[in-house]
Amino acid sequence: MKKETRKKILLLLIGTVITANALYWCVRKEGYYIDELWSYGLSNGYHTPFLHQAEGYMNNWHQPVFYWDYLTIQPDERFSFESVCYNQTQDVHPPFYYALLNTVCSLFPGRFSKWFGLSINLFFFGGSLILLYQISGFFFGKTSNARIIPVLLYGLSAGALSTLLYIRMYMMLTFWSLLFVCLVFHLLRETICQKRRFLLVQIGLSVMAGFMTQYYFVLFAFFFSACYVVFHLLGRQWKKALEYAVTACTGIIGGILVFPASLQHIFLGYQGKGALHHAADGIPFFLERWPQYHDVLTKAFLGSGAGKHVLFLTILCLFPAGVILFIKKGNQSAYPDFPLTECLMLLVSVLCYFAVIVQISPEVTDRYLFLLYPFCVLLAVTAALYLFRYLQTERFLWIAAACCLACLLRANAVQSNPYVYHGYQEVLTRLGTEYKDAPGIYVTAGDHLLINNCLFLAQQNRTYSLTLEQLNELSEICKENETGQIILYVDIYYDEAQTAMRAAELLDYRSCSLLYDNTFTQIYLLSR
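About the criteria used
- Residues numbered from 1 in each chain as written.
- Predicted model: local features only at pLDDT ≥ 70, side-chain atom pairs only at ≥ 80, totals over all residues.
- Heavy atoms only, no water.
- Helix = DSSP H or I, 4+ residues; strand = E, 2+ residues; numbered from the N terminus.
- Rg over C-alpha atoms; globule rule 2.2 N^0.38 Å.
- Buried < 20%, exposed > 50% of the residue type's maximum accessible area, 1.4 Å probe, protein only.
- Contact = heavy atoms within 4.5 Å.
- Axes fitted to C-alpha atoms, helices over the stretch in contact; angles between N-to-C directions.
- Parallel < 35°, antiparallel > 145°, perpendicular 65-115°, else oblique.
- Left-handed = near helix turned anticlockwise from the far one by under 90°.
- Nonpolar A, V, L, I, M, F, W, Y, C, P; charged D, E, K, R; others polar.
- Pairing = 2+ DSSP bridges.
- Expected span 1.5 Å × (residues − 1).
- Polar contact = N/O pair within 3.5 Å; in protein donor to acceptor, adjacent residues only side chain to side chain.

Engineer: Mind laying out the overall build of the protein, listing which residues take part and the relevant values?
Structural biologist: Per the secondary structure count, the protein includes 23 helices and six strands. For 528 residues, the compact-globule estimate of 2.2 N^0.38 gives 24 Å, and the C-alpha radius of gyration of the protein, at 26 Å, lies within 12% of that figure. Taken along the three principal axes of its C-alpha coordinates, the protein extends 85 × 50 × 50 Å. Counting all 528 residues of the protein, 54% fall into the buried class. Put simply, 78% of the contacts in the protein that link residues at least 6 apart link residues at least 24 apart.

The following block contains the structure:
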């Protein structure tokens, strides 16, 4: 069998394994974080960005259609991109991802499914793996089999699965980031003028697409672009530096022209103001957050604290490799094709982006680091590969990769992904069958946390929202809807257990049991 044929078979096998693992976890996903339901609501709510602001929301009985109209596309509202853009002017994100989700949902009017969002993520997940394989060619050589290793380790990592399972724009953002880097690396090596112009157009479009997907793309693109421009300025290649800078800026300007509300989001929105506030907190705030984000980053690779040790060992490999590189830089036989420029550009961009996210992000969470995961894997494998090459023991790279892969698979087997939400579907089923006719009482401040409970509230025939101060009116409210059972939802603002016990006492119900803890809301069953 020819070497090229064996390579294609190996790639097909690896792609099959990664796809099977991805689909396995997609099937296992049961529930949704609050922001995932925002994805559906902001995409499908017809000129209704926030359901809690709907007229008559508080102090009224609602039927399931009240919630389903917001979460799903109605037949006469299909492909309503104007509505998507309007909703996003009221929110804090650009509209590209939401328009795409609206398109998928428009193919299935009146229906809700996790697969609408997951199908988008699966598409960009596959594209991201292909781009990572392409970028690996710049680091290891186009004919090197080592290009497979970053794809395999990233594709099966806990971080990649989290990016895939989280029904938001971050898998799409990761794809645009990889495409942007891949195009810039091509531009770095291209000498033919006509091809460079075509690459510049593609880079401009990728910058615009990334900007229209998530504003954090601009941070990464800025640092990466700065490295590119500085590299050419140091080489006195003024024209190349200028044409690239103009291209990148044109991509951003294009995004602003398409979606002018982006300027208000970035500079006047609560996310932008929060970022500026955290930036002003200075070094003490950074030092406080650094250990927390370090845990997020390391757990993304092995899904457990063991990731810290693996990262530490990788760094131990990285430093000797770097020292050897610079000591031997006059000896071309040591690293005849070491991609020093590409490595430095990517390493500096990753470190700068990570540092800025630690400082300015509104909360400590993994989603702001999702786009870094494939680059972190690539840099770690690059450090190990060139160290093994220098020691003339490159075969040990495959042994190390096999050990890392075994750890990845073990971590996936013993630790569930945080975006699966076990038990969510069981409660949905019970609410839609056993307790469908029982009144649902939602004790809330009447704010955005409504979206967190939309799917649960939509399972019951009648639901009523009231504030804690109105709890004394519960007997009168439920008088005409008496079934001997009540489902009580209590938001995190209140003492959930105490509120549930008080409601049971007011209704003279003897039993009060917790059905489900929905992160920001606890759901109780009250009965006689």
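Engineer: Give me helix H7 (residues 148–155): which residues, what numbers.
Structural biologist: With eight of its eight residues buried, H7 lies for the most part within the structure. Inspection of H7 places Ile148, Ile149, Pro150, Val151, Leu152, Leu153, Tyr154 and Gly155 among the buried residues, and these make up the whole buried set.

Engineer: Please set out the environment of Cys352 residue by residue, giving values where relevant.
Structural biologist: Secondary-structure assignment places Cys352 in helix H17 (residues 340–360). Once the C-alpha coordinates of Cys352 and Phe224 are considered, the two residues, 128 residues apart in sequence, prove to be 9.4 Å apart.

Engineer: Describe the packing of helix H10 (residues 193–211) against helix H11 (residues 216–234), and please don't skip the residues or the numbers.
Structural biologist: At a closest axis distance of 9 Å, the pairing of H10 and H11 adopts a crossing angle of 150°. Classed by the angle they form, the pair H10 and H11 counts as roughly antiparallel. Handedness of the H10/H11 crossing: left-handed. Each of Arg196, Ser206, Val207, Gly210 and Phe211 in H10 lies in contact with H11, whose residues at this interface are Phe217, Val218 and Tyr228. Within the contact of H10 with H11, the residues separate by chemical class into five nonpolar, two polar and one charged.

Engineer: If you had to explain the sheet that holds strand S6 (residues 521–527) to someone new, which residues and values would you point to?
Structural biologist: Spatially, the six strands line up as an open sheet ordered S1-S3-S2-S4-S6-S5, and their pairing is mixed. Of all strands in the sheet, those bounded by a partner on one side alone are strand S1 (61–62) and strand S5 (511–517). With six bridges connecting them, S5 and S6 associate as antiparallel partners. The partner of Ser513 across the bridge, within S6, is Leu525.

Engineer: Please provide a residue-by-residue account of helix H1 (residues 3–28), values included.
Structural biologist: Over its 26 residues, H1 runs 38 Å from end to end, which matches the ideal 38 Å to within 8%, given 1.5 Å per residue. Turning to H1, its buried residues number three or more, namely Lys7, Ile14, Ile18, Asn21, Ala22, Trp25 and Cys26.

Engineer: Describe the environment of Tyr464, naming the residues involved and giving the relevant values.
Structural biologist: By the element assignment, Tyr464 lies in strand S3 (residues 463–466). Expressed as a C-alpha distance, the spacing of Tyr464 and Tyr133, which sit 331 residues apart in the sequence, is 53 Å. For Tyr464, the contacting residues outside a window of four places in its chain are Asn59, Asn60, Trp61, Gly440, Ile441, Tyr442 and Ile477. At 3.4 Å, the side chain of Tyr464 forms a polar contact with the backbone oxygen of Asn59.

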